[in-house]
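What follows is the residue order along each chain.
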Amino acid sequence: MSASHSRPNGPARKVLAELRHGPRTVEQISTSLRLTPNAVRNQLRKLQDAELAVRSGARPGASKPSALYSITLEGQIQFSTLYLPVLTHFLRVAEGKCSGTQLESFMTETGKSLAARYSKPTGSVKEKVHSAARLLKTFGGLTEVQPRNGSIIIKSLGCPLSALTAENPAGCNVLGGFLEQYLSTPIRICCSREGEPKCCFEIGAQASERG
């Protein structure tokens, strides 16, 4: 799966919104949104690369069939405002029914399962960590990479899951598990939860020793 899952905006979001009404041809989208066919094709390519839209068939035309495009489940999710409240309340309920260790393990496995959908990075450890940092940035983090005592730290001024981690630290284990699976290496969570949550993940020898 593509590693690019940032939310579409501008013309791309308008095209995606149009696909919510059912499969559409380039010509139909062009007429509805008052965009040129080439502009629509450019946005559809972006949406397909992000796996938010797919080519789903063809419609007979006067001279030749016209390709039909449909929104994917990932695309539909872009318009939902319910996922975050549901996840927040799910964590509250889970916290009351699980031990702290069980909940942390469950969240870690959730992150690992999510990471399995992404292509693993290649190159040196440093190059892989920078790839992970860029990926976290597409999730909404403000990441930077720093060396520390033989390890490498990924830090972020903001947390992509702050609505969860602000109430329950176990939410940090989702990103910890994600990075562990994505990088195929032990991760130590060193997040700050004072005030606004800030991400911190340690990768390398020190993390392995303390993990």
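Just above sits the structure.
Residues numbered from 1 in each chain as written. Predicted model: local features only at pLDDT ≥ 70, side-chain atom pairs only at ≥ 80, totals over all residues. Heavy atoms only, no water.

### Some remarks on the sheet that holds strand 5 (residues 187–189)
Taken together, four strands build an open sheet; the order of strands is 3-4-6-5 and the sheet is antiparallel. Taken across any chain shown, the strands that pair with only one partner, and hence form the sheet edges, are strand 3 (143–148) and strand 5. Shown here is a sheet whose adjacent strand axes are inclined to one another by a mean of 25°, direction ignored. One ladder, built from five bridges, connects strand 4 (residues 151–156) with strand 6 (residues 200–204); its direction is antiparallel. (Pairing = 2+ DSSP bridges. Helix = DSSP H or I, 4+ residues; strand = E, 2+ residues; numbered from the N terminus. Axes fitted to C-alpha atoms, helices over the stretch in contact; angles between N-to-C directions.)

### A short note on the nonpolar core
Formed by 21 residues in total, the largest nonpolar core has its most connected members in Ile154, Phe178, Leu179, Tyr182, Leu183 and Phe201. For this core, the secondary-structure elements that each account for two or more residues are helix 7 (125–138), strand 4, helix 9 (172–183) and strand 6. By residue number, the principal contributor to this core is helix 9, which donates six residues. Beyond its immediate stretch of four places on either side in the chain, Tyr182 contacts Ala115, Tyr118, Ser119, Lys120, Pro121, Ser131, Ala132 and Leu135. Of all hydrophobic cores here, the second largest spans 16 residues; its members include Val26, Val40, Ala67 and Ile71. (Core = buried A, V, L, I, M, F, W, Y, C linked by side-chain atoms within 4.5 Å. Buried < 20%, exposed > 50% of the residue type's maximum accessible area, 1.4 Å probe, protein only. Contact = heavy atoms within 4.5 Å.)

### Topic: the layout of surface pockets
Considered as a void within the structure, the second largest pocket measures approximately 150 Å³ in volume. Together, Val26, Glu27, Arg41, Ser63, Lys64, Pro65, Ser66, Ala67 and Tyr69 line the second largest pocket. At the level of elements, helix 2 (26–33) and strand 2 (66–71) are the ones that each hand at least two residues to the lining of the second largest pocket. Top contributing element to the lining of the second largest pocket by residue count: strand 2, with three residues. (1 Å grid on protein atoms, 1.4 Å probe; cavity = no way out; pocket = protein on both sides within 12 Å on 5 of 7 lines; lining within 4 Å. Points joined across faces, edges and corners; volume = space filled by probe spheres on them.)

### Quick word on the state of the cysteines
This model, assessed by the stated rule, comprises one disulfide. Paired through a disulfide, Cys190 and Cys200 show a sulfur-sulfur distance of 2.1 Å. As the torsion about the S-S bond is roughly -75°, the Cys190-Cys200 disulfide counts as left-handed. Of this pair, Cys190 sits in the loop between strand 5 and strand 6 while Cys200 sits in strand 6; the two residues are ten residues apart in sequence, bridging distant segments of the chain. Cys172 supplies the cysteine sulfur nearest to Cys98, a cysteine that is in no disulfide, at a spacing of 17 Å. Given the relative accessible area of 33%, Cys98 is considered partly exposed. Free cysteine: Cys159, not disulfide-bonded; nearest cysteine sulfur from Cys199 at 3.9 Å. Residue Cys159 is classed as buried on the basis of its relative accessible area, which comes to 12%. (Disulfide = S-S within 2.5 Å.)

### Structural notes on helix 2
Along helix 2, the residues classified as buried are Val26, Ile29 and Ser30. Down the axis of helix 2, the sector holding all buried residues measures 100°, keeping them to one side. Summarising the contacts, the buried residues of helix 2 are in contact with helix 1 (11–19), helix 3 (37–49) and strand 2. Phi turns positive, to about 60°, at Arg34, one or two residues after helix 2. (Arc of directions from axis to C-beta.)

So, to be careful, I would describe these as geometric facts and stop short of saying anything about function.
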